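# Understanding the architecture of this molecule
Each chain, letter by letter, is given below.
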Amino acid sequence: MRRTFPHLRWPLLLAASLWVISGGNAAAKPRVQTARIEINAQGYQPANVKLRRGVPALLTFVRTTDATCVREIVLSDFSVRRELPLNEPVLISFTPRKKGSFTFACGMNMMRGELIVR
């Protein structure tokens, strides 16, 4: 004897329909946004990084030169200050909660970059 569960039929059909409509990707939003920022003789590359509000961000800073004053990175709006050893990636994670333009800079605030949160 085969059992049927009519109360489960509609939710399953709805979920399958949504999956097909979304192109098979029900979780279209990324869980983490990432960016890699290199510090070289020209400064920050890239100098501007776009992020989405409310999505956790993972920024990787890599200092590849001693020719600049950048020995640490400061994101004052996010209460972050980290040393940047030469040729070693430094990971910084946070979740941007507000839209706007936020500065990241060296410890002396001479070289600056920008985080644009939309």
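Our structure's up above, just so we're on the same page.
Report follows, based on the coordinates. (Residues numbered from 1 in each chain as written. Predicted model: local features only at pLDDT ≥ 70, side-chain atom pairs only at ≥ 80, totals over all residues. Heavy atoms only, no water.)

Further remarks concern unusual backbone geometry. In the segment running from Q45 into P46, the intervening peptide bond is cis, with an omega of -5 degrees. Structurally, P46 is set in the loop between β2 (43-45) and β3 (48-51). The phi angle at N109 is positive, at roughly 60 degrees, despite the residue not being glycine. Within the secondary structure layout, N109 lies in the loop between β8 (100-105) and β9 (112-117). (Helix = DSSP H or I, 4+ residues; strand = E, 2+ residues; numbered from the N terminus.)

With that out of the way, let us pick up the pairing of strand β7 (residues 90-94). Alternating residues of β7 divide into V90, I92 and F94, all buried, and L91 and S93, none buried. One ladder, built from 5 bridges, connects strand β4 (residues 57-63) with β7; its direction is antiparallel. Note on β7: the bridge partner recorded for L58 is S93. (Buried < 20%, exposed > 50% of the residue type's maximum accessible area, 1.4 Å probe, protein only. Pairing = 2+ DSSP bridges.)

Turning to its location among the elements, K50 is positioned in strand β3. The exposed category is assigned to K50, whose relative accessible area is 56%. The spatial distance from the C-alpha of K50 to the C-alpha of S101 is 9.3 Å, given a sequence separation of 51 residues. Contacts of K50, omitting those with residues within four sequence positions, involve I116 and R118. (Contact = heavy atoms within 4.5 Å.)

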